[in-house]
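# Observations on the three-dimensional arrangement
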Amino acid sequence: MKPIACLLLAGLLAGAVPAPAWAEGPGRYDVSGANPGGRGPYKGEAQLSQTGRETWRMTWKIGNETFDGFGVGDAKSFAVTFASGRAQGIALYTAQPDGSYKGVWAGATDPEAGTETLTPAH
């Protein structure tokens, strides 16, 4: 096969395979996580809103508690501070090919980080 024909065939085949669905930023998410230091799992929901080109607002509802946060970054990775009552901390999220975000977080007094996954709510 001639080189040009090979390139065209490769391009057509590449288009036949769907691309990964990376997370897209703003929206509602189901939350599942693990507290730092083995203090157990948790579930909840979150709302992520873009407030500027590289600024974000995030609100989590975990059990009976609501956490408000703001952050910086883009739709592929961003850091968000959070607070609820006297608790405060920071989280860092990275977009995943399945449309979710994987994150790590720590409260201001935590010596270890917890983990969190944000999955688009349907």
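One structure accompanies this document, and this report is about it. (Residues numbered from 1 in each chain as written. Predicted model: local features only at pLDDT ≥ 70, side-chain atom pairs only at ≥ 80, totals over all residues. Heavy atoms only, no water.)

## So, the overall build of the protein
If you tally the helices and strands in the protein, you get one helix and eight strands. Considering the protein as a whole, with its 122 residues, one finds that 29% of them fall into the buried category. Residue pairs in contact within the protein that sit at least 24 positions apart in sequence constitute 32% of those at least 6 positions apart. Here the protein has roughly 7800 Å² of accessible surface; of this, 61% comes from carbon and sulfur atoms. (Helix = DSSP H or I, 4+ residues; strand = E, 2+ residues; numbered from the N terminus. Buried < 20%, exposed > 50% of the residue type's maximum accessible area, 1.4 Å probe, protein only. Contact = heavy atoms within 4.5 Å. Areas by Shrake-Rupley, 256 points an atom, 1.4 Å probe, with all protein chains shown as cover.)

## Remarks on the environment of Ala106
With respect to the helices and strands, the residue Ala106 is situated in strand 7 (residues 101-107). By relative accessible area, which is 19% here, Ala106 ends up buried. Sequence-wise, Ala106 and Gln88 are 18 residues apart; in three dimensions their C-alpha atoms are separated by 8.6 Å. The residues touching Ala106, leaving out its near neighbours within four places in the chain, are Phe82, Gly89, Ile90, Glu112 and Ala113.

## What about the environment of Arg28?
Mapped onto the secondary structure, Arg28 falls in strand 1 (residues 27-34). Judged by relative accessible area, which is 53%, Arg28 ranks as exposed. C-alpha separation for the pair Arg28 and Met58, spaced 30 residues apart in sequence, amounts to 9.8 Å. Discounting chain neighbours no more than four positions away, the residues touching Arg28 are Ala46, Gln47, Thr119, Pro120 and Ala121.

## Considering the pairing of strand 3 (residues 55-62)
Residues of strand 3 alternate between two faces, with Trp56, Met58, Trp60 and Ile62 buried on one and Thr55, Arg57, Thr59 and Lys61 left unburied on the opposite face. Summarising the sheet, strand 2 (residues 41-50) and strand 3 pair through seven bridges and their orientation is antiparallel. Residue pairing in the sheet places Gly44 in a bridge with Ile62 of strand 3. As consecutive antiparallel partners, strand 2 and strand 3 are separated by four residues. As paired elements, strand 3 and strand 4 (residues 65-73) share eight bridges and run antiparallel to each other. Residue pairing for strand 4: Met58 is matched across the bridge by Gly69. (Pairing = 2+ DSSP bridges.)

## Structural notes on the packing of aromatic side chains
Applying the stated criterion across every chain yields a total of eight aromatic pairs. With 5.5 Å between their ring centres and 25° between their planes, Trp56 and Phe78 make a pair best called stacked. Placement of the pair is Trp56 in strand 3 and Phe78 in strand 5 (residues 77-84), with a sequence separation of 22 residues. Among the aromatic side chains, those forming a connected cluster through ring pairs are Tyr29, Trp56, Phe78, Tyr93 and Tyr101. (Phe/Tyr/Trp six-rings, centres within 6.5 Å; stacked < 30°, edge-to-face > 60°.)

## Let's talk about the pattern of salt bridges
Under the defined criterion, the tally for this structure stands at one salt bridge. One salt bridge in this structure joins Asp110 and Arg39, with 3.5 Å as the shortest N-O distance. Of this pair, Asp110 sits in the loop between strand 7 and strand 8 (114-120) while Arg39 sits in the loop between strand 1 and strand 2, placing them 71 residues apart in sequence. When its relative accessible area of 53% is taken as the criterion, Arg39 is described as exposed. (Salt bridge = Lys/Arg side-chain N within 4 Å of Asp/Glu carboxyl O.)

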